[in-house]
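Next come the chains, spelled out residue by residue.
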Amino acid sequence: MRRRLLIPIAFLAATPAAAQGLRAVPAQPASEAEALRGVEVFLINEGDLPVSDAGPRQIEITAVDGTRLVLERAPGPLPTVAPHGFAKARYVPVGLAGRAVPPTEQHAAAEIPEGETAVQSATGSSAAFVDRFEPHEPIYGAFGLKDAGGKLQVSFAFRPFGEKAPLKLGNLRFAYTQTMFWALNRPSGPFRSTNYSPEVYADIPVGETTRVAFGYRHDSNGRGVADSVDLNRVFLRAEKRFDLGGDWHLDVAPQAWFYLGRLGTAPDVKDYFGYTSLTAAIGQQDGLKLSLTGRGNFETGKGAAELFVSYPLARIAKGVGFYIFGQAFTGYGEALDDYRRNDTHARIGIALTR
C-alpha cells in the first residue's frame, strides 16, 4: 500500500520548531500495528537560516484506517537543517488520541520534498539524498577471545528511485555489505580476511506485514585469480511479520537461491553454503532483539548458523544512539577464505544498526 503523508496543522503551529520555520511532515502509517515499527517524520526548514532542532516532542497523526495516534520522538542526534532543506526523524506511538476519523474527514496528503540533505561540519559542507538510504544487514564491531578476533561489518541499501517512479522502479534497491575479520591475536593485528557482497534486488510489499524480494548477489573474498572465491547467486526471499502483543513481534524470512557462472577456485562451495536459508528474529520496538539465521546443504549436512543479540543503550543511558551487541557463529563459511573450515566463535561489541 502506498503510504500517504499527513500534516497535523493545528498541533504543529503551536510548537517551537514550527515558529522557527521548521515544519514536521510525518508519513502516514496504514494502522497502529504498522506505526509500531516507527514513523518517519520529515523536518522541513522553510526559513532562510539553518535551524538546529530535533522536531516537536509529540505529534498527532491519523492512520489510513482512521486510528488517531500520539507519536513521540525517538532519541537521536540534534540535526542542523539547511535553509529550504529537510532532515528525517523517527517517532514511535505512545497512545491513542480520541475517536477514529473516517477517511473523508482526514487532512489532505502532503508531498515529501525531493531534495538532498545538507550537513555543515568541521570537514565542510556535505550532502546526500539521505531519505534514500536504508539499513540492510547489521552495522557492527564485535570482538572475541583468541582466534575469534574482531568482526567488523558495514552494510546499507539505497533506493535510486522515489516511491512514485514509473514501472515500479521505487521497489529497486542497490545494497552493499563488507565484513572484515581482524586477527587481534597475531603480531601487528592484521585483517586476515574480508568478504565483499554487493547486490541488486526488487523489494516488493505484499500487504501490510509481508515483503518479497528477488535479485542478484555477488560474494567475493577480493583475491586474485589464483585464490579467488566468488559466489554469484540469484535469490528469492520473503519476510513475514507477526504481532505478538506488548510491542513484541516475530519476523520470519526464508530465502532460496541458485548459482550462476564460475565459482573461482572454490567449485565445492555449494557443499557448504547450500541453496536455502532461514532467518527468525524476535524483538521489541526500542528493546531486546534476537535474530538467528541458518543455512546449509541438506545433501552434505554442512552449513552454518549465526546469532545476533542486541539492546539499545538509550534504554540505559539517555541520548546514546547505538546498541550493545552480541554475535555468535558456528559452522562453515564465516569467512570466504576459509569456507571449508568449521569454526565456532562468540563476540561482543556495539552496533549502529540491527
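For the structure given in this document, a descriptive report is provided here. Once a new chain begins, its residue numbering starts again from 1 and follows that chain's sequence as written. Per-residue local features are limited, in this predicted model, to residues with pLDDT of at least 70; the limit for side-chain atom pairs, both in listing and counting, is 80 or more; totals at the level of whole chains, interfaces and linings are taken over all residues. Calculation of side-chain values draws on the structure's entire complement of heavy atoms; hydrogens and water are dropped beforehand.

### Let's talk about the overall build of the protein chain
- Looking only at helices and strands, the protein chain has 4 helices and 23 strands in total.
- Here the Shrake-Rupley method, with its probe set to 1.4 Å, supplies the accessible areas, and only the displayed protein chains count as covering residues. For the protein chain, the accessible surface area stands at approximately 18,300 Å², while carbon and sulfur atoms represent 61% of it. Labels follow the DSSP assignment, with helices taken as runs of H or I lasting at least four residues and strands as runs of E lasting at least two, numbered in each case from the N terminus.

### Re the side chain of Asp 343
- Position of Asp 343 among the secondary structure elements: in strand β23 (residues 342–351).
- Taking relative accessible area as the criterion, Asp 343 reaches 12% and is therefore assigned buried.
- By the criterion applied in these results, polar contacts are pairs of N or O atoms within 3.5 Å in which, for protein atoms, one can donate a hydrogen and the other can accept it, and in which residues neighboring in sequence qualify only through two side-chain atoms. Among the polar contacts made by the side chain of Asp 343, one reaches the side chain of Arg 341 at a distance of 2.9 Å.
- Contacts are assigned to residue pairs that have any heavy atoms within 4.5 Å of one another. Among all residues touching Asp 343, those that are not within four sequence positions of it are Phe 329, Thr 330 and Gly 331. Each residue's exposure class comes from its accessible area (1.4 Å probe, protein chains only) as a fraction of the maximum for that residue type: buried when under 20%, exposed when over 50%, partly exposed otherwise.

### So, the pattern of salt bridges
- When a carboxyl oxygen of Asp or Glu lies within 4 Å of a side-chain nitrogen of Lys or Arg, that pair is called a salt bridge. This structure, assessed with the given rule, holds 23 salt bridges.
- Of the charged contacts in the structure, one is a salt bridge between Arg 159 and Glu 134, with a shortest N-O distance of 3.1 Å. Here Glu 134 lies in strand β11 (residues 133–134) and Arg 159 lies in the loop between β13 (150–158) and β14 (172–182), a separation of 25 residues in the sequence.
- Between Arg 340 and Asp 268 there is a salt bridge, and its shortest N-O distance comes to 3.1 Å. Remark: Asp 268 occurs in the loop between β18 (248–259) and α4 (270–273) and Arg 340 occurs in the loop between β22 (323–332) and β23; sequence separation between them is 72 residues.

### Quick notes on the nonpolar core
- Here the nonpolar core consists of buried residues drawn from Ala, Val, Leu, Ile, Met, Phe, Trp, Tyr and Cys, with membership extended through side-chain atoms lying within 4.5 Å. Counting 17 residues, the largest nonpolar core has Tyr 201, Val 229, Leu 231, Tyr 259, Val 269, Phe 273 and Tyr 339 as its most contacted members.
- Among the secondary structure elements, those contributing two or more residues to this core are β17 (230–245), β18 and α4.
- Grouped together as the second largest cluster of nonpolar side chains are 15 residues, Val 39, Ile 59, Leu 71 and Ala 87 included.

### Concerning unusual backbone geometry
- Of note in this structure, Ser 188 is not a glycine but carries a positive phi near 70 degrees.
- With respect to the helices and strands, the residue Ser 188 is situated in the loop between β14 and β15 (191–205).
- Judged by its relative accessible area of 77%, Ser 188 is exposed.
- Positive phi values are uncommon outside glycine, yet Asp 286 reaches one of about 60 degrees.
- Within the secondary structure, Asp 286 sits in the loop between β19 (276–284) and β20 (289–297).

### Here we look at the pairing of β20
- Note: two strands are recorded as paired if DSSP finds a minimum of 2 bridges between them. As defined by bridge partners, β19 adjoins β20 across 8 bridges and the pair is classed as antiparallel. When the sheet's bridge partners are listed, Ala 280 is paired in β20 with Leu 292.
- Linkage of β19 to β20, two consecutive antiparallel strands, is achieved through a turn of 4 residues, within which Asp 286 is found at a positive phi near 60 degrees.
- Taken together, the 9 bridges between β20 and strand β21 (residues 302–312) define a ladder with antiparallel strand orientation. For Leu 290, the partnering residue across the bridge sits in β21 and is Val 309.

### Side note on the packing of aromatic side chains
- Only Phe, Tyr and Trp rings are paired, with Trp represented by its six-membered ring, and only when their centres lie within 6.5 Å; those with planes under 30 degrees apart are stacked, over 60 edge-to-face, the remainder tilted. Taken as a whole and judged by the stated rule, the model has 12 aromatic pairs.
- Look at Tyr 272 and Tyr 339: their rings are 5.5 Å apart centre to centre, the planes differ by 80 degrees, and that puts the pair in the edge-to-face class. On the criterion of sequence distance, the pair formed by Tyr 272 in helix α4 and Tyr 339 in the loop between β22 and β23 is long-range, its members being 67 residues apart. In terms of burial, Tyr 272 and Tyr 339 fall into one category: buried.
- Where Phe 308 meets Phe 325, the ring centres are 5.3 Å apart and the plane angle is 40 degrees; that geometry is what we call tilted. With Phe 308 in strand β21 and Phe 325 in strand β22, this pair connects stretches of sequence that are 17 residues apart. Summarising the burial analysis for this pair, Phe 308 and Phe 325 share the class buried.
- Through pairs of rings, three or more aromatic residues link up here, namely Phe 133, Phe 156 and Phe 158.
- Think of it as a cone above the ring: NZ of Lys or CZ of Arg counts as a charge over the ring if it is within 6 Å of the ring centre and within 35 degrees of the ring normal. Seen from the ring of Trp 257, Arg 233 lies directly overhead, with NZ or CZ sitting 4.8 Å from the centre.
- A cation over a ring is seen here: Arg 295 above Phe 273, with NZ or CZ 4.1 Å from the ring centre.

### Here we look at the environment of Leu 71
- Note that Leu 71 resides in strand β6 (residues 68–73).
- Distance from Leu 71 to Val 92, taken between C-alpha atoms, is 5.2 Å for residues 21 residues apart in sequence.
- In this structure, Leu 71 is in contact with Val 39, Arg 57, Gln 58, Ile 59, Ile 61, Tyr 91, Val 92 and Pro 93, ignoring residues within four places of it in sequence.

### A short note on a nonpolar patch on the surface
- Together, Phe 242, Leu 244, Ile 282, Leu 288, Leu 290, Leu 292 and Leu 307 line one region of the surface with nonpolar side chains, adding up to about 530 Å² of accessible area.
- Mapped onto the nonpolar patch, the elements with two or more residues apiece are β17 and β20.
- If you trace the backbone, Phe 242 turns up in strand β17. Only residues whose relative accessible area exceeds 30% and that form no salt bridge enter a patch; like-charged residues are grouped when within 9 Å of one another, and nonpolar side chains (Val, Leu, Ile, Met, Phe, Trp, Tyr) when within 5 Å.

That is the geometry; function is a separate question.
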